[in-house]
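Letter by letter, the chains look like this.
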Amino acid sequence: MSVLPHVPTDEVAGPLCAEVTRFAARSIDARAIDRAGAIPAGVLGGLAELGLFGLTLPAAHGGAGCGLLTACQVVAELARFDRSVAVTLGLHLGLGTRGLVAFGTSEQHERYLPSLAAGERLAAFATTEPQAGSDLSNLATRALEAADGSLVVNGRKVFVTNGGLAGLYTLAVATPGLGGRERGQSLVLVERGDAGLTVEAEECKLGLKGSSTTGLVLEDVRLPSSRLLGEPGWAAKGLAHILSWGRTLMSAGCVGTARAALDKVHGQVAHRRQFGKPLAALEVVREQVALLEALTFGMAALVDEVARADDEALLGRSLAAKVYSSESAWRVVDGAIQLHGGLGFIEDTGLAVMLRDVRVTRIFEGANDVLLSHLGAGELTRTKERAPLTGAVGLPLAGLATKADALAAQVEARRQELLARYKVGVFRQPRWMHQLGGACCWREAVDAAVRRAAVSARPEDVARASLLTLRASAEVSRLLEEPAPRDLVEVALSDTLPFPEVRP
Ligand SMILES: Cc1cc2nc3c(=O)[nH]c(=O)nc-3n(C[C@H](O)[C@H](O)[C@H](O)COP(=O)(O)OP(=O)(O)OC[C@H]3O[C@@H](n4cnc5c(N)ncnc54)[C@H](O)[C@@H]3O)c2cc1C
């Protein structure tokens, strides 16, 4: 039950991505998917033919045995064409199958992996419940052990991506008493045909309309004990790993979305003429496009590093990648719409669907504000020193490295100050943790961008990393200001949220 190492088959990414691009350009029509609210069967069949549903599944069971990096590159490429398709595949490879691959028994592998790798069976993952969203400590779906050792599951899951398509669901459920833990949670595998499982109707969503999202109702679903995934009572351990894969794949999708929006921007500003010249000749427009490029460069660099990280680093860094990528992709698509003027608001341009699709990335896989607090808390307890960039990158980037180090020093100074001011009570300071988490996101993106620019040494990459560093410095200074005075906040809310019980 050990986490599989990343196998070194990631060199396949280049040729495979080229094939994915050819397939997507030929077969994927984002607006048609948006209008139909479903991905055509032919597209899912095409992904299966390309072997993409088995990309990160072990070769011994029909998969390609690739690691997270290749999966991220493929998902980013698909997201350039349509986000629903990218989410469907990304969810299958990440949240849907990662737990099974990493923690499944050989019997579970034999039973499920071949059909999952072939795309004959899709995977989904369900933790969220009507009353348990950001706070998953309070799951009401329970699996109770029966006298014969089987598990009887009752409860309801909501917002399950791939819910309507999947043949296998990994569920997080409360398992009181199991594994010796009174308040323990476990992961269980539920098959679509299990008696007592009802897949609810598709949700009607703002975006990602082609991606299936349903609830699941479980009424006395009886599972043999062999359906437990990983250690009974210790779901948290497995969840940390599974969620870090899920977040990273989702971040990769944001890279694809941002690139697609930028492609449209390039065409528009080059061809659209106003004031007697192309928009691209206007200084303010050029500055705006350059910023969008810089944000996207940071995203791609960060996701690439995180996808290569070892399991331990992946846990923390995937939080920063998720928040930075989803926030930046939102800004890039919004910026692209602005630069298209009125056309940006018209469906035919293709940006409206991107905006609708990307919006949920700031919410699912953990709402960003919640993740920022986790990130801030992780930073406060961090034991590993950040390696300075000065001296680590070549001379041409020395000035930039100094700036990135100065930004990191600013974050570190605030961390030290908070620890000194609040001591262990710092973890009861959510606003400070949230701010610190925000600053960490920028630091991580800048560090990754500077390292990537140092490797490529292309002047445009160095310029993008420099612009990102400038923007990040301004954002971090703003973020690290004192939070708004609490009494002011309370008075501002006093006639709208006046109830004493909702006060902190
Ligand atoms: C399209 C879609 C697909 C999804 N797919 C899946 C899936 O496949 N599997 C699955 O299990 N779940 C899935 N989800 C659920 C998703 O992960 C949750 O919606 C998300 O974690 C937020 O939980 P919530 O909606 O209950 O929001 P709540 O927990 O009710 O929070 C609402 C808002 O309150 C704020 N907030 C809450 N807590 C804090 C805090 N501590 N600090 C600061 N702000 C806070 C945030 O702004 C947050 O967005 C999906 C959701 C959607 C919309």
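Residues numbered from 1 in each chain as written. Predicted model: local features only at pLDDT ≥ 70, side-chain atom pairs only at ≥ 80, totals over all residues. Heavy atoms only, no water.

A. Representation of the side chain of T469 within the structure. Considering the arrangement of structural elements, one finds T469 in helix α15 (residues 459–479). Taking relative accessible area as the criterion, T469 reaches 1% and is therefore assigned buried. If near-sequence neighbours (up to four positions away) are discounted, T469 is found in contact with L400, K403, A404, L407, V446 and V450. (Helix = DSSP H or I, 4+ residues; strand = E, 2+ residues; numbered from the N terminus. Buried < 20%, exposed > 50% of the residue type's maximum accessible area, 1.4 Å probe, protein only. Contact = heavy atoms within 4.5 Å.)

B. Seen up close, the packing of helix α4 (residues 68–81) against helix α9 (residues 283–308). Between α4 and α9, whose axes approach to 8 Å, the crossing angle comes to 150°. One way to sum up the angle between α4 and α9 is to call them roughly antiparallel. For the element pair α4 and α9, the recorded crossing hand is right-handed. Contacts between α4 and α9 pair L68, L69, C72 and Q73 from the former with V303, D304, A307 and R308 from the latter. Of the residues belonging to the contact of α4 with α9, the class tally is five nonpolar, one polar and two charged. (Axes fitted to C-alpha atoms, helices over the stretch in contact; angles between N-to-C directions. Parallel < 35°, antiparallel > 145°, perpendicular 65-115°, else oblique. Left-handed = near helix turned anticlockwise from the far one by under 90°. Nonpolar A, V, L, I, M, F, W, Y, C, P; charged D, E, K, R; others polar.)

C. Seen up close, the site of the ligand. Around the ligand sit 18 residues, and of these T127, T128, S134, F159 and T161 come closest. F125 is positioned such that a nitrogen or oxygen atom in its backbone is 2.9 Å from a nitrogen atom of the ligand. Within the backbone of F159, one N or O atom sits 2.8 Å away from a nitrogen atom of the ligand. Relative to its unbound accessible surface of 970 Å², the ligand loses 64% to contact with the protein. Where the shell around the ligand is concerned, the elements lending two or more residues are β1 (122–126), β3 (151–161) and α12 (368–380). If you tally residues by element for the shell around the ligand, the top one is β3, at three residues. In terms of residue class, the shell around the ligand is made up of nine nonpolar, six polar and three charged. (Near = heavy atom within 4 Å. Polar contact = N/O pair within 3.5 Å; in protein donor to acceptor, adjacent residues only side chain to side chain. Areas by Shrake-Rupley, 256 points an atom, 1.4 Å probe, with all protein chains shown as cover.)

D. A look at the layout of surface pockets. Estimates place the volume of the second largest pocket at around 850 Å³. Together, 24 residues line the second largest pocket, and A313, R317, R382, K384 and E444 are the ones closest to its centre. Broken down by element, the lining of the second largest pocket gets its largest block of residues, six residues, from helix α10 (residues 311–339). Looking at the lining of the second largest pocket, its residues break down into seven nonpolar, five polar and twelve charged. Taken domain by domain, the makeup of the lining of the second largest pocket includes at least three residues from each of domain 3 (237–365) and domain 4 (374–482). (1 Å grid on protein atoms, 1.4 Å probe; cavity = no way out; pocket = protein on both sides within 12 Å on 5 of 7 lines; lining within 4 Å. Points joined across faces, edges and corners; volume = space filled by probe spheres on them. Domains from an automatic or database assignment.)

E. Just helix α3 (residues 41–49), in detail. Three or more residues of α3 are buried, namely V43, L44, G46 and L47. In an axial view of α3, the angular spread of the buried residues amounts to 155°, which keeps them on one side of the axis. Turned more than 90 degrees away from the buried face of α3, the exposed residues are A41, G42 and E49. Taken together, the buried residues of α3 touch α1 (13–27), α4 and α5 (83–96). Immediately beyond the C-terminal end of α3, within one or two residues, lies G51, with a positive phi of roughly 80°. (Arc of directions from axis to C-beta.)

F. Region of the structure containing the packing of aromatic side chains. This structure, assessed with the given rule, holds one aromatic pair. Here Y324 and W442 contribute two aromatic rings whose centre-to-centre distance is 5.6 Å and whose plane-to-plane angle is 75°, an arrangement assigned as edge-to-face. Of the two residues, Y324 sits in helix α10 while W442 sits in helix α14 (residues 430–456), which places them 118 residues apart along the sequence. By relative accessible area, which is 3% here, Y324 ends up buried. With a relative accessible area of 8%, W442 lands in the buried category. (Phe/Tyr/Trp six-rings, centres within 6.5 Å; stacked < 30°, edge-to-face > 60°.)

G. Spatial organisation of the nonpolar core. One finds V74, L78, Y324 and L468 to be the most contacted residues of the largest nonpolar core, which totals 106 residues. Not counting the four nearest positions on each side in its chain, Y324 is found in contact with A294, L295, G298, M299, L302, C441, W442, A445 and L468. Listed in part, the 23 residues of the second largest apolar core include L116, A117, A132 and L139. (Core = buried A, V, L, I, M, F, W, Y, C linked by side-chain atoms within 4.5 Å.)

H. Just the side chain of E305, in detail. Position of E305 relative to the elements: it lies in helix α9. Overall, E305 belongs to the buried group, its relative accessible area being 18%. In this structure the side chain of E305 is engaged in a polar contact, spanning 2.7 Å, whose partner is the side chain of R451.

I. Highlighting the pairing of β3. Here four bridges tie strand β2 (residues 142–145) to β3, and the two strands are oriented antiparallel to one another. Among the inter-strand pairings, L144 is bridged to a residue of β3, identified as V152. Linking β2 back to β3 in an antiparallel pair, the connection comprises five residues, with G149 at a positive phi of about 90°. Bridge count for β3 against strand β7 (residues 213–223) is eight bridges, and the pairing is antiparallel. Bridge pairing in β7 links G155 to L218. (Pairing = 2+ DSSP bridges.)

J. Inspection of the pairing of strand β5 (residues 185–191) at higher detail. Most of β5 is tucked away: seven of the seven residues are buried. Here strand β4 (residues 166–174) runs beside β5; their pairing, made up of seven bridges, is antiparallel. Residue pairing for β5: T170 is matched across the bridge by L189. When β5 meets strand β8 (residues 228–229), the two strands line up antiparallel, connected through two bridges. Note on β8: the bridge partner recorded for V188 is L228.

K. Region of interest: the environment of R421. Here R421 shows up in helix α13 (residues 398–422). On the accessibility criterion, R421 (38% relative accessible area) is partly exposed. Excluding its chain neighbours within four sequence positions, the residues that come into contact with R421 are W432 and E482. A polar contact is formed between the side chain of R421 and the side chain of Y422, at a distance of 3.2 Å. A polar atom in the side chain of R421 sits 3.3 Å from the side chain of E482.

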